Amino acid sequence: MPVRVAVNGFGTIGKRVADAISKQPDMVLVGVAKTRPSFEARIAMEREYPLYVGGDGRLEDFRAAGLTVAGTTDEMLRQADVVVDATPDKAGREHAAKYAAANLKAVYQGGEKPDVAELSFSALANYEAALGKSRVRVVSCNTTGIVRAASVLRARYGVERWDVTLIRRAADPAETRKGPVNAILPTFQFPSHHAPDAQTIFPDLPITTTAVVVPTTLMHLHVNHVQLRRPPASVSDVLDAFRETPRFQIFRSWEHVEGTPQVLEYARDHLSPRGDMMMNVLWEDGVHLQGAELRFFQAIHQESIVVPENIDAIRAMFNLAPDAASSIAVTDMALGIRQ
Ligand code: NAD
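Residues numbered from 1 in each chain as written. Predicted model: local features only at pLDDT ≥ 70, side-chain atom pairs only at ≥ 80, totals over all residues. Heavy atoms only, no water.

S.K.: Which residues make up the site of the ligand, and what values go with them?
M.R.: Close to the ligand lie 22 residues; Thr12, Ile13, Asp89, Arg169 and Asp172 are nearest. The contact in question runs from a nitrogen atom of the ligand to an N or O atom on the side chain of asparagine 8, over 3.4 Å. In the environment of the ligand, an oxygen atom lies 3.0 Å from a nitrogen or oxygen atom belonging to the backbone of threonine 12. Going through the elements one at a time, helix 1 (12–22) and strand 2 (27–34) are the ones with two or more residues in the shell around the ligand. (Near = heavy atom within 4 Å. Polar contact = N/O pair within 3.5 Å; in protein donor to acceptor, adjacent residues only side chain to side chain. Helix = DSSP H or I, 4+ residues; strand = E, 2+ residues; numbered from the N terminus.)

S.K.: I'd like to hear about the pattern of salt bridges, residue by residue, with values.
M.R.: Per the stated rule, a full pass over the model turns up 32 salt bridges. Among the ionic pairs, glutamate 60 bridges to arginine 58, the shortest N-O distance being 3.7 Å. Under the relative-accessibility criterion, arginine 58 is labelled partly exposed at 43%. Of the charged contacts in the structure, one is a salt bridge between glutamate 160 and arginine 229, with a shortest N-O distance of 3.1 Å. On the criterion of sequence distance, the pair formed by glutamate 160 in strand 9 (residues 159–169) and arginine 229 in the loop between strand 12 (220–228) and helix 9 (235–243) is long-range, its members being 69 residues apart. For glutamate 160, a relative accessible area of 42% corresponds to the partly exposed category. Through salt bridges with shared partners, one network takes in Asp26, Arg148, Arg247, Glu309, Asp312, Arg315 and Asp332. (Salt bridge = Lys/Arg side-chain N within 4 Å of Asp/Glu carboxyl O. Buried < 20%, exposed > 50% of the residue type's maximum accessible area, 1.4 Å probe, protein only.)

S.K.: Please give an account of helix 9 that cites residues and values.
M.R.: Listing the buried residues of helix 9 in full gives Val238, Leu239, Ala241 and Phe242. Down the axis of helix 9, the smallest arc covering the buried residues is 155°, so these residues share one side. Contacts made by the buried residues of helix 9 are with helix 7 (141–156), strand 13 (248–251), strand 14 (280–290) and strand 15 (293–300). (Arc of directions from axis to C-beta. Contact = heavy atoms within 4.5 Å.)

S.K.: Quick rundown of the packing of helix 1 against helix 11 (residues 307–317)? Include the residues and the values.
M.R.: Packing of helix 1 against helix 11 brings their axes to within 9 Å, and their N-to-C directions diverge by 55°. As the angle between them shows, helix 1 and helix 11 are arranged oblique. Crossing of helix 1 against helix 11: the hand is right-handed. Contacts between helix 1 and helix 11 involve Arg16, Val17, Ala20 and Ile21 on the former and, on the latter, Val307, Asn310, Ile311 and Ile314. (Axes fitted to C-alpha atoms, helices over the stretch in contact; angles between N-to-C directions. Parallel < 35°, antiparallel > 145°, perpendicular 65-115°, else oblique. Left-handed = near helix turned anticlockwise from the far one by under 90°.)

Here is the structure:
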């Protein structure tokens, strides 16, 4: 029997997770919940996803717009074994009691505080710890990027110290009310919230993070400076370590990928759904080594990087795959993720 999954919140993350669930061999999407009629609600209907009215939304507004509505969130939850909460930051916690009352497992997103769940999750790092769990939080986009890279570097070389400067996108492409339009905004909190978030998964990771927001919608870029415990033999050895790990895309010099616009153009050329890039993106030319001191750039597509992680979280919670490698293989095959 496939696991029955409901998605509460059908925005940037929720709509991608819903599409991803509908492609998995061992999961079935029982519905998605939205608060207001919108083009996204119409798309849910066109994809034949049962559409439910969430939050303070009103059935009559959907019906007046000509949208077919299956019922309210409570009715959706009754059909499900697990709910993926993809409502805005901090809203997930408000739904926790409702999910518990419905005896449902729940996956939360990185906009929630860690204690909303039994553990914070990133498949390469701690899949096995999520086996059989009832409440799992998939860490944010930037933290997912850091933790994936940490999974590789810790295992292969050990990490003595890691400083990351995060150059953060100002908004998602459809978010017309966010900015800045023309500014570079330092985040004065040090470390930024990303380091403690990464430590919810690797408590002993000696990492600090500094963040800056810039006027782009095309991905985040991390500037990494890592002191490794054991010096790699060469840059090629480091590149091989990433290449041998799922969910890393490494561009070569001759591909002329100068920055994030070409990364997303590549994803579109690849016919990736929505032009998404669900892998950490590195450049051969962007990896530098001096002894045990490693510097590398990586780009993170904020809208999609957590999508496969949501799928793996569900697979772990229902013991559908015994380890990270087997879950990732199924997820990535279904989503067309390939290096
Ligand atoms: P979003 O604003 O794009 O989408 C949220 C959706 O939930 C909207 O459609 C909204 O109408 C709907 N909603 C609000 N309250 C609801 C309710 N009570 N019931 C049902 N639906 C409701 O937000 P998002 O960017 O998808 O973020 C969702 C979560 O994912 C947040 O925790 C965020 O921090 C996290 N996240 C976002 C990104 C990103 O870059 N967008 C990346 C990683 C993680």
